[in-house]
Amino acid sequence: MSTLRALARAKAVAAGVAQPVATVRHLHLSERPLVLVPLILAGEANAPLAVLVGDEPDRPTLLVVPQPRNRDQRFGFAADLAAVVLPYLDGHRGVVEAVPADRGREVRHRYVDAPQVLVPNPGGVDFVRLLGRSTRFRRTDGEYPVHPSVPLLGRWLTFLAERAEHPGSSMLPAMTEALSLHWATGQSPLEDQHLPALLGWIAPPSGTTGGQAAARAEDPAHHPPAGPTTDPGFDNAVLGPAIDAWQAAQDDPVARRAAYAELEGALHGQLAPTWALMWRGVALLRALPPGARVAGRWAADRDAFTGYAEHIDAGGQPQPRRDSAVAAAQRLHRLERALTSYAVQRAYDDPLVLADHRLTGEAFAGEVTLADPTRIDDTGRRPVLRPRIMVATTDPVLVSPGTALYSPARPAQKARVVFVTRQDAGRTEVVLELSGGMGRSMTPPPGSVPEVGERLTYTTLSDAFLPAGAFPAPEETPWTHGGPPADHPD
């Protein structure tokens, strides 16, 4: 936990309400997200019990599995869910846009929009991942066939779950994590995974504090859990008897319909409060302005959606059960690059996020006190424009001469530290030499060089392109990593 977030949590306890830790929204929010609230049977490996799903607050679809241990009913539930999810996914495949590629020498196409599925918490993401794994390899013929939509749904759910692991992706966000990214509460991070309690801190009812609202929300008598597992008291008192009643009424159609209606009503009562909270969370996030670099990350999501849609249309194979050694290393490398880029982009978009780096010495903010915008460096083979500025700051400055710095106000411009002078009363003067972002002439365009009196922030964090690593081909790896077996004299 960072210093500023710890301070924000302490202030939340004192004020009785969650404190903002972001000034902008750091994820894309679709105009028409698909909200999915799942429930699973306790004690079973991702046995679906019910789900409330839809893209309109007033028109949710309730799907129920009367006997989650029954294999046929599980895959019947998957087919019903596919009837809701697949049309939503296909609804984003209508319009494409041309995108320049290879530095403008080529053109590729991608969809102008992509689906966004919202779940209450990380447990909902696990539900999507496990349901995708259990359905994407099912056969539509032979023994135990399933509906043709079931394996297709499994492949799309696996795709969404894999995108959820990608830092900065907005295709399958968990509402608790999205809200915690922007507000700090007076409870622990583990307690923040409880959606009713988290929203109790962010928007407590009138006349109550966040702590009081969270304590009330954690009582199952006042608000059922947000899933995917149910409350043990509900399981023993309501769910178990309702399933037994439905099971016992197999030979009586009237009693069976009555038992199903009772089970459906009980499960709807567990899901409906979380459904309402999900749309409250959407409204809270929508009230924040998006960060400047959110659109770029959403473009990457649209690229991934377009690529996988083309893969399915071409008859491509489902995702493998396990990655090979090379594929796993490549995937880990992509995630690490994305995580580094995501951290830098959040800092560039949000002064509150950048303030954390100022406390650690990775950044400093100050005022330009001197500027020489037309300085020419003629020590090399040809003269080049190299303006210099002096920035006075009271932040701790831990950089040394020669360090490359960047400013969110001018991300294309690099500043090299010439020297650092520490004055009295905690004041530090930093002389910077600028390069880039000023054109090719010997006279910088207006505004390209900071002026005296301008307040800037400089940081060691760079939003420059990170080149991909080089990995061997699978056949070039040793047999222990999936390559060809070694030759033995025997």
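Structure's up top.
Just so you know, these numbers come straight off a predicted model, no measurement behind them. (Residues numbered from 1 in each chain as written. Predicted model: local features only at pLDDT ≥ 70, side-chain atom pairs only at ≥ 80, totals over all residues. Heavy atoms only, no water.)

**Focus on the overall build of the protein**
A tally of helices and strands in the protein yields twelve helices and 16 strands. Dimensions along the principal axes, computed over C-alpha positions, put the protein at roughly 95 × 75 × 55 Å. Evaluated residue by residue, the protein yields a buried proportion of 46% over its 490 residues. Nonlocal contacts in the protein, meaning residues at least 24 apart in sequence, comprise 68% of its contacts between residues at least 6 apart. Of the accessible surface of the protein, which amounts to about 24,500 Å², a share of 54% is contributed by carbon and sulfur atoms. (Helix = DSSP H or I, 4+ residues; strand = E, 2+ residues; numbered from the N terminus. Buried < 20%, exposed > 50% of the residue type's maximum accessible area, 1.4 Å probe, protein only. Contact = heavy atoms within 4.5 Å. Areas by Shrake-Rupley, 256 points an atom, 1.4 Å probe, with all protein chains shown as cover.)

**What about unusual backbone geometry?**
In this structure, Tyr144 is a non-glycine residue whose phi angle is positive, near 55°. Relative to the assigned elements, Tyr144 resides in the loop between helix H3 (122-135) and helix H4 (149-164).

**Structural notes on helix H10 (residues 294-313)**
Taking 1.5 Å of rise per residue, 20 residues should cover 28 Å, and H10 covers 29 Å from first to last C-alpha, within 8% of that figure. For H10, every residue scored as buried is listed here: Val294, Arg297, Trp298, Ala299, Asp301, Arg302, Ala304, Phe305, Thr306, Tyr308, Ala309 and Ile312. Buried residues in H10 make contact with helix H2 (71-90), strand S5 (96-101), strand S6 (106-111), H4 and helix H11 (325-349). At the C-terminal side of H10, Gly315 shows a positive phi close to 80°. (Expected span 1.5 Å × (residues − 1).)

**Comments concerning the pairing of strand S9 (residues 363-372)**
Two elements, S9 and strand S16 (residues 455-459), share five bridges in a ladder whose sense is antiparallel. Note that in S16 the partner of Phe364 across the bridge is Tyr458. Relative to strand S12 (residues 388-393), S9 runs antiparallel, the two being bridged by five bridges. Bridge pairing in S12 links Val368 to Val391. (Pairing = 2+ DSSP bridges.)

**Focus: the pairing of strand S15 (residues 428-435)**
The buried count for S15 comes to eight of eight residues, which makes it a mostly enclosed element. Here S15 shows a buried face lined by Thr428, Val430, Leu432 and Leu434 and a second buried face lined by Glu429, Val431, Glu433 and Ser435. The loop that links strand S14 (residues 410-422) with its antiparallel partner S15 comprises five residues; one of these, Ala425, has a positive phi angle of about 60°.

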